[in-house]
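This is what each chain is made of:
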Amino acid sequence: SIVDMEPAVREPPGPSPILRAFDLSLSGVRFAYPGSSAPVLDGVDLELPVGARVAVVGATGAGKSTLFHLLLRSWPTDAGTIRLGGFDLAQFRGEDLSRYFGVVSQHTHLFDASIRENVLIGDPDASAARLDQVCETAQLSDFIASLPEGYDTWVGETGVRLSGGQARRIAIARALLKDAPILLLDEPTEGLDPATERSLLLALDRLMAERTVLLITHRPAALERVDRVLVLEEGRLRERSGDASLAGS
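Residues numbered from 1 in each chain as written. Predicted model: local features only at pLDDT ≥ 70, side-chain atom pairs only at ≥ 80, totals over all residues. Heavy atoms only, no water.

Q: How do you make sense of the pairing of strand β10 (residues 236–239) when you look at a structure like this?
A: In summary, the side chains of a regular strand alternate between the two faces of the sheet. Strand direction decides the pairing type here: strand β9 (residues 228–233) and β10, joined by four bridges, are antiparallel. The residue of β10 that forms the bridge with L232 is L237. Counted between consecutive antiparallel strands, the loop separating β9 from β10 contains two residues, among which E234 sits at a positive phi close to 55 degrees. (Pairing = 2+ DSSP bridges. Helix = DSSP H or I, 4+ residues; strand = E, 2+ residues; numbered from the N terminus.)

Q: What am I meant to see in the sheet that holds β9 here?
A: One key point about sheets: their strands pair by backbone hydrogen bonds, in either a parallel or an antiparallel sense. Taking strand neighbours across the sheet as the criterion, the six strands line up as β6-β7-β8-β3-β9-β10 in an open arrangement whose pairing is mixed. The open sheet has two edge strands with one neighbour each: β6 (101–105) and β10. The sheet shows a mean angle of 20 degrees between the axes of neighbouring strands, taken without regard to direction. Direction of pairing for strand β3 (residues 53–57) relative to β9: parallel, over a ladder of four bridges. Along β9, the bridge assignment pairs V57 with V231. The sheet strands contacting helix α6 (residues 164–178) are β6 and β7 (182–186), and the helix crosses β6 at an angle near 175 degrees. (Axes fitted to C-alpha atoms, helices over the stretch in contact; angles between N-to-C directions. Contact = heavy atoms within 4.5 Å.)

Shown next as structure tokens:
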């Protein structure tokens, strides 16, 4: 029955556009869940130029994660447009679009496989040297070296044999290996103790270098790493009050 379901998003008939820039632009984006009496997003506008670091905050259920799903084309918008490099997202095939986005969230999905296999999802053809490099950057190397089976250590179903911080470092290494120009970070340090959060943020700093970043978080330490903070409420984005540095943005 799952295989026979109608896809939520239809693939375009032709090839995906060839991009020369990776700026994101949202204009009048509206989205409501099926059966809902009100839209969760209702006129969202956002300009995300190449290299920008923007955080989105808001109450639970405000639509922050929904925004990410629309950027990844998990669902189509009800109205408005989302453009990447000047092209409507509807022009991209799903597999092609996913190459431009790296995702790290608090709910990192790990397969019942080895650490090596879970990291290599980012680039199955990566060399051993490249694998070592991204794990070092993600601050995984010491942990892996301490394991009797190293990279071949089995993580268990959904990563049950790892801590939350270790699982998220694997997600960071995976995103580094993918080397996508745009990062979507969805509460990447939520639920971690302060010491683990500080360590993970150092790894995230390296991941965010020279990339465009859209971050969902309410953690003050994470918000210090962005250029703008936007509030999502009543279906729209606005600048967070009290941020003098954002005036006129």
